[in-house]
Amino acid sequence: MDPLPLEGITVVAVEQAVAAPFATRQLADLGARVIKIERIDGGDFARGYDTAARGLASHFVWCNRGKESVALDLKDPRGLDAVRRLIADADVFVQNLAHGAASRLGLDAATLCAAHPRLVAVDISGYGATGPYAGKRAYDMLVQCEAGLVSVTGTPEQPVKAGIPAADIAAAMYAFSGVLAALVRRGTTGRGGPVEVSMLEALAEWLGHPLHHTIHGGTPPERTGLAHAVIAPYDAYPTADGGRVLLSVQNDREWRRLAEQVLGLPELGMEPVFATNAARVANRARTDELVGTALKALDADEALARLEAAGIACARLRDLYELAGHPQLAARERWREVGSPVGPLRALLPPITLPGGDEARMGDVPALGQHTEALLRAVGMTDAEIAALRRDGVAA
């Protein structure tokens, strides 16, 4: 079996919330050792978001498995010195502190890479280090608004934010891939270097389709709920058992099969007001009424079976309980258990699968400061020095 690709890589992270922790969790899943630096007064504030995961915060459980937690006060020179000692032996450093905080501590990417040429150092921010928004608070929902995601999500009457922290996740994914790219470059040149990622720029990239549609086509896409702005039928339709089935007709051949095999109205396949996608979009209400009437007479299983038999792309509109029991995830054995301070918790294998290699390392969710003493001792501190840090409230 091949080892995990990041085996032997050490990551130190001064991180909080979602963007940086989700990026470094993926590094941990691929074999990296991730040392998470937390505040002594409660740690990463995501620990306190909720208590839904058997008393732990669901965000924290999701983003922080497989890490070692060190609790230090970075405002005390001794705490900061301990972090610098850890960084000296690291391959990667990641931080997403508030604007200016890392620079004041000397933990910004430029400063660290100047001192440690092989280090890959990542600065994750809301809006970037420069520009008029550099110092602006950047919570996920705020960035979703600034990036225009909310303007294209929802119904014609009501814009809504995404149901997941899309700006945080976008930044995390670019930080993750940026680290991998920088490590590949280091393997060639011997030098690491800074990596910069902003939530706004990451999410703006994800808005590429509606953005290009607007700036080159002249009009922004309409908000259409679960419908598609330029394809019909493409929506979720109620079924007789209270479910909802989403279907997508991608071309006129599929429309003719839908009309004949599902709607039972083969003549609609060639009728001018329905025969082309442009015509169906222009007559969306009538198109949706015909499809909705046919599916309302069937339960969800029967509707899906008929659509599949006709070669029409379709899906069941599932809630999160149904996702947790999804037959495809079960068949592919994607569920595992990870340890935590409250016992084992279910978690999904990460979506990067490396056949022929070791399975992703899904380590425990750490308690705050669980690894402080061991790691301080590893960087050369004596028992007396560690005891003094604990006594003075610098370490926990």
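Scroll up for the structure.
Right, let's walk through the structure included here. (Residues numbered from 1 in each chain as written. Predicted model: local features only at pLDDT ≥ 70, side-chain atom pairs only at ≥ 80, totals over all residues. Heavy atoms only, no water.)

1. A closer look at the overall build of the protein
Argument step 1. Broken down by element type, the protein carries 17 helices and 11 strands.
Argument step 2. Seen along its three principal axes, the alpha-carbon backbone of the protein occupies a region of about 85 × 45 × 40 Å.
Argument step 3. Counting all 396 residues of the protein, 47% fall into the buried class.
Argument step 4. Sequence-distant contacts, at least 24 apart, represent 67% of the contacts inside the protein between residues at least 6 apart. (Helix = DSSP H or I, 4+ residues; strand = E, 2+ residues; numbered from the N terminus. Buried < 20%, exposed > 50% of the residue type's maximum accessible area, 1.4 Å probe, protein only. Contact = heavy atoms within 4.5 Å.)

2. Section: the pattern of salt bridges
Opposite charge on two side chains lets them pair, provided their charged atoms get close.
Argument step 1. Taken as a whole, this structure holds 21 salt bridges when the rule is applied.
Argument step 2. When the shortest N-O distance is used, the salt bridge between Arg47 and Glu38 registers 2.8 Å.
Argument step 3. Arg47 sits in the partly exposed class, given a relative accessible area of 21%.
Argument step 4. Glu38 gets classed as buried once you look at its relative accessible area, which sits at 2%.
Argument step 5. Residue Glu302 is joined to Arg306 by a salt bridge in which the shortest nitrogen-to-oxygen separation is 3.2 Å. Taken together, the positions of Glu302 and Arg306, both in helix α13 (residues 300–309) and four residues apart, correspond to about one turn of that helix.
Argument step 6. Sharing partners across several salt bridges, the network here consists of Glu15, Lys36, Asp44 and Lys67. (Salt bridge = Lys/Arg side-chain N within 4 Å of Asp/Glu carboxyl O.)

3. Some points on the packing of helix α1 (residues 19–29) against helix α7 (residues 166–189)
Argument step 1. Closest axis-to-axis distance for the α1/α7 pair is 8 Å, and the angle between their directions is 40°. Considering the angle they form, α1 stands oblique to α7. For the pair α1 and α7, the crossing hand works out as right-handed. Taking contact as the criterion, the partners of Ala19, Phe22, Ala23, Gln26 and Leu27 in α1 are, on α7, Asp168, Ile169, Ala171, Ala172, Met173, Ala175, Phe176, Val179 and Leu180.
Argument step 2. Class assignment for the residues of the contact of α1 with α7 results in 12 nonpolar, one polar and one charged. (Axes fitted to C-alpha atoms, helices over the stretch in contact; angles between N-to-C directions. Parallel < 35°, antiparallel > 145°, perpendicular 65-115°, else oblique. Left-handed = near helix turned anticlockwise from the far one by under 90°. Nonpolar A, V, L, I, M, F, W, Y, C, P; charged D, E, K, R; others polar.)

4. Observations regarding the sheet that holds strand β7 (residues 234–238)
Argument step 1. The three strands are arranged β7-β8-β9 in an open sheet whose pairing can be described as antiparallel. Whereas interior strands pair on both sides, the edge strands pair on one side only; in this sheet they are β7 and β9 (313–316). With direction set aside, neighbouring strand axes in the sheet form an average angle of 25°.
Argument step 2. Running at roughly 40° to β7, helix α12 (residues 284–296) makes contact with β7 and β8 (244–248) of the sheet.
Argument step 3. α13 contacts β8 and β9 of the sheet and is inclined by roughly 160° relative to β9. (Pairing = 2+ DSSP bridges.)

5. Let's talk about the sheet that holds strand β6 (residues 193–198)
Argument step 1. The parallel open sheet is built from six strands, whose spatial order is β3-β2-β1-β4-β5-β6. Across the chains shown, the open sheet's two edge strands, defined by having one partner strand only, are β3 (67–71) and β6. Here the average twist between neighbouring strands, direction ignored, is 20°.
Argument step 2. When strand β4 (residues 92–95) meets strand β5 (residues 120–125), the two strands line up parallel, connected through four bridges. Bridge pairing in β5 links Phe93 to Ala121.
Argument step 3. Helix-sheet contacts for α7 involve β4, β5 and β6, and the interaxial angle to β5 is about 160°.

6. Here's the deal with the packing of aromatic side chains
Argument step 1. On inspection of all chains with the given rule, the structure shows four aromatic pairs.
Argument step 2. Taking the centre distance of 5.3 Å and the plane angle of 70° together, the rings of Tyr127 and Tyr133 count as edge-to-face.
Argument step 3. Of the residues examined, Tyr127 reaches a relative accessible area of 5% and is grouped as buried.
Argument step 4. By relative accessible area, which is 36% here, Tyr133 ends up partly exposed.
Argument step 5. Taking the centre distance of 6.1 Å and the plane angle of 35° together, the rings of Trp255 and Phe274 count as tilted. One end of the pair, Trp255, is in helix α10 (residues 252–261); the other, Phe274, is in the loop between α10 and α11 (277–282), and 19 residues separate them in sequence. In this structure, Trp255 and Phe274 share a single accessibility class: buried.
Argument step 6. In this structure, Lys136 packs its charged tip against the face of Tyr133, placed 5.6 Å from the ring centre.
Argument step 7. If you follow Arg346 out to its NZ or CZ, it ends over the ring of Trp335, 3.9 Å from the centre. (Phe/Tyr/Trp six-rings, centres within 6.5 Å; stacked < 30°, edge-to-face > 60°. Lys NZ or Arg CZ within 6 Å of the ring centre and 35° of its normal.)

7. Focus: helix α3 (residues 77–88)
Argument step 1. Helix length check: α3 (12 residues) gives 16 Å between terminal C-alpha atoms against 16 Å at 1.5 Å per residue, within 8%.
Argument step 2. Among all positions of α3, only Gly79, Leu80, Ala82, Val83, Leu86 and Ile87 are buried. Across the axial projection of α3, the buried residues extend over an arc of 155°, all falling on one side.
Argument step 3. On its buried face, α3 is in contact with β1 (10–14), β2 (33–38), β4, α4 (101–105), α5 (109–115) and α16 (372–378). (Expected span 1.5 Å × (residues − 1). Arc of directions from axis to C-beta.)

8. Description of the nonpolar core
A general tendency of soluble globular proteins is for nonpolar side chains to be buried together.
Argument step 1. Formed by 43 residues in total, the largest nonpolar core has its most connected members in Val11, Val92, Val94, Val122, Ile124 and Leu203.
Argument step 2. Taken together, the elements giving at least two residues each to this core come down to β1, α1, β4, β5, α7, β6 and α8 (199–206).
Argument step 3. A total of 11 residues in this core trace back to one element, the largest contributor, which is α7.
Argument step 4. Contacts of Val94, omitting those with residues within four sequence positions, involve Val11, Val12, Ala13, Val14, Ala20, Thr24, Val122 and Ile124.
Argument step 5. Counting 32 residues, the second largest nonpolar core, distinct from the first, contains Ile87, Phe93, Ala121 and Leu389. (Core = buried A, V, L, I, M, F, W, Y, C linked by side-chain atoms within 4.5 Å.)

9. What to know about the pairing of β8
Argument step 1. Burial of β8 is extensive: four of the five residues sit out of reach of the surface.
Argument step 2. Bridge analysis of β7 against β8 gives five bridges, and the strand direction is antiparallel. The residue of β8 that forms the bridge with Tyr234 is Ser248.
Argument step 3. Joining the antiparallel neighbours β7 and β8 is a turn of five residues, in which Gly242 adopts a positive phi near 90°.
Argument step 4. Across four bridges, β8 lies against β9 in antiparallel orientation. Counted as the bridge partner of Ser248 is Ala313 from β9.

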